[in-house]
Amino acid sequence: MPEISDADLKALYRTMVMTRVFDQRMITLQRQGRLGFYLGSLGEEAASVGSAFALWAEDWIFPCYREQGAYLWRGVTVQEMAHQCYGNGLDYTKGRQMPVHYSFRHKNIVSISSPLTVQLPQAVGAAWAAKLRKDPIITLTYLGEGASSQGDFHVGLNFAGVYKTPTVFFLRNNGWAISTPREVQTASENFAMKANAYGFEGVLVDGNDLLAVIVATKRAADKARSGGGPTLIEAVTYRVGGHSTSDDPSVYRKDEEVKAWEAKDPIARFQRFLAKKGLWTPEWELEIQEACKAEVLAAAEAAEKAPAPAPETIFDDVFSDIPRFLQEQRAELMDSLQQSKEAR
Amino acid sequence: MPTMNIIQAVNDALRIQMAQDDRVVILGEDVGKFGGVFRATSGLQEQFGADRVVDCPLSEAGIMGTAIGMALYGLRPVPEMQFADFIYPAFDQIVNELAKYRYRSGGQYPCPVVVRTPYGGGIKGGHYHSQSNEAYWVQTPGLKVVIPSNPYDAKGLLLAAMRQDDPVIFMEPKRMYRAAKGDVPEGDYTLEIGKAKVVKEGKDITVLAYGSMVHTAMEALAKAEAEGIDAELIDLRSLVPLDIDTIIASVEKTGRVVIVQEAPKSAGFAAELIALINEHALLSLEAPIVRVTGWDTPFPYTLDLEYLPSADRVLQGMRKTLNF
Ligand SMILES: Cc1ncc(C[n+]2csc(CCOP(=O)(O)OP(=O)(O)O)c2C)c(N)n1
């Protein structure tokens, strides 16, 4: 049992609850046609919250796209997340990326890319840079088990091993890559053991056990920080919901499988633990559930009301300045929109 | 004649060819039981088995590389790249290997792989589910580049692609997957790869388009007609090989050209078309050729409609050309 204060234990629980409430609300909004798309992390809250808890705030996170729990633990607000999901003018990514593709520089969380696994060599590079600069920073990067089939997985692990970079690879094995079961991704017994081939340690952990995730990640982070090099953590968990709101999992997987995993729900499990310690009561549950729901609801409403980014912003941030050819294209767009408006 | 959308037409073409030729193998992510994220391979694994419709590990490089190996050995793989935006891990395999095998082996090793991929924006996909990357393939000698705009063409062109000996990048306009419906003959037929189609004849101006932009151009033509402009619309259907004769004949008739492409402007296929028209028909031109394109920025999520060439922008381009 790691040493965690009662206050932190309760905060961890609340963050998992908030993660779920946020996911559920966003999925509902998508179903109502108010949000374009969403990717939930239902059932994987312990993996994301627990791993982030084990880091320092200065450590960098290179996320995949089911890490909302990690952002919340870092202190990203649901309002900041909701603005991104709505792609409005208050979104830090200026409405350019699909929902869930966050970027929170103030929290040392880099920008998410849809192409899978690209973040692994990048996380190694950032860790390497920190090492060269003698900063006590480590990087943690997330991926799904499907993403481990990409070349970048092997490239990233290989570089990390060779240069002994302070990197933690956190692989969420949630059983499925869209419709493809874990068996199609590897003939290895597990994913953790792949680290051996690259000369460092792989750790297998129950991803639905918050405390186990914390212990494994903390060990890997401490090791990285003290010059011990990288670790690959495989957190075995389950994707309870669909892959995304565009997915229909009933086509490829059985209900019984989902039911069996629901019984291992990481939030319920941690709740039982807290209850035994006298840290959880039904009244408190009600209180945090209501507080989380109210906060998420208000955030979604504010995000929905915020104006869209202005059309001319399409041309911002392609470069650090706006070269002449883009200025011309910007003028062309504005002129065209004006002409259309006048014609109407 | 049954009515189909593009997804159904692609599915139909794959089914016909798989039944006829047991060398045809489909490889990809989620193509099996799930039938592909757009359902283009729906039901095929059921009919032909998991050895011929193969769910692969999540690796475009792996899918492409093994497809090339299979083709060298005599199979006819039809890999699906889930989105054109995710092809890049396989870029080396496509550009340096697939495209050059025949040439660098002195013709000993043809490489008949048909790479199917949904491309283009307008589905709220942000920059990783919206790219139109045809120019990369056109810039790579050895690849044929086919882009259908409607179900009839999709079926005929895909069947033709699977029956010839060269690698083909077959780009499917995902925005039109379900929106473009039309009559499609039930049985077997092919369309010649490298033959453009005059969608509508006209005498005032030539509009060149391909893929989803054919539909945008049709909308623009309808608006133009109301203004008394009689435009000719050509659907290129294939960028490599390109039906230059049909284009030049049209330019010689109208003297004015607007080219519509969804991809960014710089070094896009439209630029190539302008160069070719200059080479073949400069003296027929009455005005500079106008390009209506996506902008030279990554494809945005919220402002996707401002990014995409709209019918209004095409019409404005036509007016500009006519008023020169
Ligand atoms: C290079 C690349 N190919 C394909 C995709 C499409 N895609 C998005 S998520 C996904 C499955 C990912 O599975 P996994 O890595 O196991 O993570 P999970 O979604 O289960 O968390 C696929 C195929 C992509 N994003 N990037």
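Definitions and cut-offs
Residues numbered from 1 in each chain as written. Chains lettered and ligands numbered in written order. Predicted model: local features only at pLDDT ≥ 70, side-chain atom pairs only at ≥ 80, totals over all residues. Heavy atoms only, no water. Helix = DSSP H or I, 4+ residues; strand = E, 2+ residues; numbered from the N terminus. Rg over C-alpha atoms; globule rule 2.2 N^0.38 Å. Buried < 20%, exposed > 50% of the residue type's maximum accessible area, 1.4 Å probe, protein only. Contact = heavy atoms within 4.5 Å. Areas by Shrake-Rupley, 256 points an atom, 1.4 Å probe, with all protein chains shown as cover. Lys, Arg positive; Asp, Glu negative; His and termini not counted. Charge placed at Lys NZ, Arg CZ, Asp CG, Glu CD. Phe/Tyr/Trp six-rings, centres within 6.5 Å; stacked < 30°, edge-to-face > 60°. Near = heavy atom within 4 Å. Polar contact = N/O pair within 3.5 Å; in protein donor to acceptor, adjacent residues only side chain to side chain. Nonpolar A, V, L, I, M, F, W, Y, C, P; charged D, E, K, R; others polar. Salt bridge = Lys/Arg side-chain N within 4 Å of Asp/Glu carboxyl O. Pairing = 2+ DSSP bridges. Axes fitted to C-alpha atoms, helices over the stretch in contact; angles between N-to-C directions. Core = buried A, V, L, I, M, F, W, Y, C linked by side-chain atoms within 4.5 Å. Buried area = accessible area lost by both parts, 1.4 Å probe. Right-handed = clockwise from strand over helix to strand, strands pointing away. Disulfide = S-S within 2.5 Å.

Draft legend 1. Region of interest: the overall build of chain B. Along chain B, the regular secondary structure elements total 12 helices and 14 strands. The C-alpha radius of gyration of chain B comes to 19 Å, within 12% of the 20 Å expected for a compact globule of 324 residues. For chain B, the proportion of its 324 residues judged to be buried stands at 62%. Long-range contacts, defined here as pairs at least 24 residues apart, represent 82% of the contacts in chain B between residues at least 6 apart. Here chain B displays about 11,700 Å² of accessible surface, and carbon together with sulfur accounts for 52% of that area. Positive and negative side-chain charges in chain B, numbering 31 and 41 respectively, have mean positions lying 1 Å apart.

Draft legend 2. Representation of the packing of aromatic side chains in the model. Counted by the stated rule, this structure contains 32 aromatic pairs over all chains. The interplanar angle of 90° and the centroid separation of 6.1 Å between the aromatic rings of Tyr92(A) and Phe104(A) together place this pair among those described as edge-to-face. Residue Tyr92(A) is located in the loop between helix H4 (78-86) and helix H5 (119-132), and its partner Phe104(A) is located in the loop between H4 and H5; the two are separated by 12 residues in the primary sequence. Under the relative-accessibility criterion, Phe104(A) is labelled buried at 1%. Centroid distance Phe299(B) to Tyr307(B): 4.5 Å. Interplanar angle 45°. Geometry classified as tilted. Accessibility assignment for this pair places Phe299(B) and Tyr307(B) in one class, buried. Taken together, the aromatic side chains of Tyr13(A), Phe270(A), Phe273(A) and Trp284(A) make up a single cluster linked through ring pairs.

Draft legend 3. Main features of the site of the ligand. Within the structure, the ligand sits among 21 residues, and Tyr65(A), Arg66(A), Gly146(A), Trp176(A) and Glu60(B) are positioned closest to it. Within the side chain of Arg172(A), an N or O atom sits 3.0 Å from an oxygen atom of the ligand. A distance of 2.9 Å is found between an oxygen atom of the ligand and a side-chain nitrogen or oxygen belonging to Asn174(A). Bound to the protein, the ligand loses 97% of the 580 Å² it would expose on its own. Here the residues of the shell around the ligand sort into 9 nonpolar, 7 polar and 5 charged.

Draft legend 4. Broad picture of helix H2 (residues 45-53) of chain A. Here H2(A) lies mainly inside the structure; 9 of its 9 residues are buried. Along H2(A), the positions that sit buried rather than exposed are Glu45(A), Ala46(A), Ala47(A), Ser48(A), Val49(A), Gly50(A), Ser51(A), Ala52(A) and Phe53(A).

Draft legend 5. Region of interest: the pattern of salt bridges. Residues and elements named next belong to chain B. Considering all chains together, one arrives at 34 salt bridges over all chains under this definition. Taking the shortest distance from any N to any O, the salt bridge between Arg102 and Asp166 comes out at 3.3 Å. You can see Arg102 sitting in helix H5 (residues 101-104) and its partner Asp166 sitting in the loop between helix H7 (151-162) and strand S7 (168-173), a full 64 residues away along the chain. On the accessibility criterion, Arg102 (33% relative accessible area) is partly exposed.

Draft legend 6. Main features of the environment of Val146(B). All names here are of chain B. By the secondary structure assignment, Val146 is in strand S6 (residues 144-146). Overall, Val146 belongs to the buried group, its relative accessible area being 0%. Between the C-alpha atom of Val146 and that of Leu236, which follows or precedes it by 90 residues, the distance is 9.0 Å. Ignoring anything within four residues of it in the chain, the contact list for Val146 reads Leu157, Val168, Ile169, Phe170, Met171, Ile193, Arg237 and Ser238.

Draft legend 7. Structural context of the sheet that holds strand S11 (residues 231-235) of chain B. All names here are of chain B. Read from one edge to the other, the open sheet built from 5 strands follows the order S9-S11-S10-S13-S14, with strand pairing classed as mixed. With one partner strand each, in any of the chains shown, strand S9 (197-200) and strand S14 (290-294) form the two edges of the open sheet. On average, adjacent strands in this sheet sit at an angle of 25° to one another, irrespective of strand direction. Here 5 bridges tie strand S13 (residues 257-264) to S14, and the two strands are oriented parallel to one another.

Draft legend 8. A look at the nonpolar core. The biggest cluster of nonpolar side chains holds 70 residues, and the ones touching the most others in it are Tyr13(A), Phe22(A), Met26(A), Tyr38(A), Tyr102(A) and Phe270(A). Counting residues per element, this core draws most heavily on helix H1 (residues 6-31) of chain A, at 11 residues. Tyr13(A) has contacts with Ile267(A), Phe270(A), Gln271(A), Leu274(A), Trp280(A), Trp284(A), Glu285(A) and Ile288(A), leaving out every residue within four places of it along the chain. Counting residues in hydrophobic clusters, the runner-up holds 48 residues, among them Ala90(B), Tyr101(B), Val145(B) and Tyr210(B).

Draft legend 9. Structural detail: the interface of chain A and chain B. Of the residues lining the interface, 46 residues belong to chain A; the matching set on chain B comes to 37 residues. Summing both sides of the interface, chain A and chain B together bury roughly 3,200 Å²; the carbon and sulfur share of this comes to 60%. The interface formed by chain A and chain B contains 1 salt bridge. In this assembly, chain A and chain B are joined by 15 residue pairs in polar contact (both at pLDDT 80 or more). Only H4 and helix H12 (324-343) of chain A provide two or more residues apiece to the side of chain A that touches chain B. When residues in the side of chain A that touches chain B are grouped by element, the largest group, 9 residues, is from H12(A). Partitioning the side of chain A that touches chain B into residue classes produces 24 nonpolar, 17 polar and 5 charged.

Draft legend 10. The arrangement of the sheet that holds strand S3 (residues 167-173) of chain A in detail. Residue and element names in this part refer to chain A. Reading across the sheet, the 5 strands line up as S1-S2-S3-S7-S6 and stay open at both edges, with parallel pairing between neighbours. Single-partner strands in this sheet number two, and they are strand S1 (60-62) and strand S6 (201-206). With strand direction ignored, the average angle separating the axes of adjacent strands in the sheet is 20°. In terms of strand pairing, S3 meets strand S7 (residues 231-236) through 6 bridges, oriented parallel. The partner of Val168 across the bridge, within S7, is Thr231. In the packing of H2 onto the sheet, contacts are made with strand S2 (139-144) and S3, and the angle to S2 comes to roughly 170°. With respect to the sheet, helix H8 (residues 210-225) is in contact with S2, S3, S6 and S7, its orientation differing from that of S6 by roughly 160°.

Draft legend 11. Spotlight on the pairing of S14(B). Within S14(B), 4 of the 5 residues are buried, leaving the element largely enclosed by the surrounding structure. One crossover worth recording links S13(B) to the parallel S14(B) by way of helix H10 (residues 269-281) of chain B, and it is right-handed.

Draft legend 12. Quick peek at the state of the cysteines. Applying the stated criterion across every chain yields a total of 0 disulfides over all chains. In this structure Cys292(A) is not part of a disulfide, and its nearest cysteine sulfur, from Cys85(A), lies 16 Å away. Cys292(A) sits in the buried class, given a relative accessible area of 0%. Residue Cys111(B) stays outside any disulfide, its sulfur separated by 16 Å from that of Cys56(B), the closest cysteine.

Draft legend 13. The arrangement of the environment of Val314(B) in detail. Residue and element names in this part refer to chain B. By the secondary structure assignment, Val314 is in helix H12 (residues 311-322). The exposure class of Val314 is buried, given its relative accessible area of 0%. For the pair formed by Val314 and Asp235, sequence separation is 79 residues and the distance between their alpha carbons is 15 Å. Look past the residues within four positions of Val314 in its chain and what remains in contact with it is Thr216, Ala220, Val258, Val260 and Val292.

Spatial relationships are all this shows, so hold off on functional conclusions.
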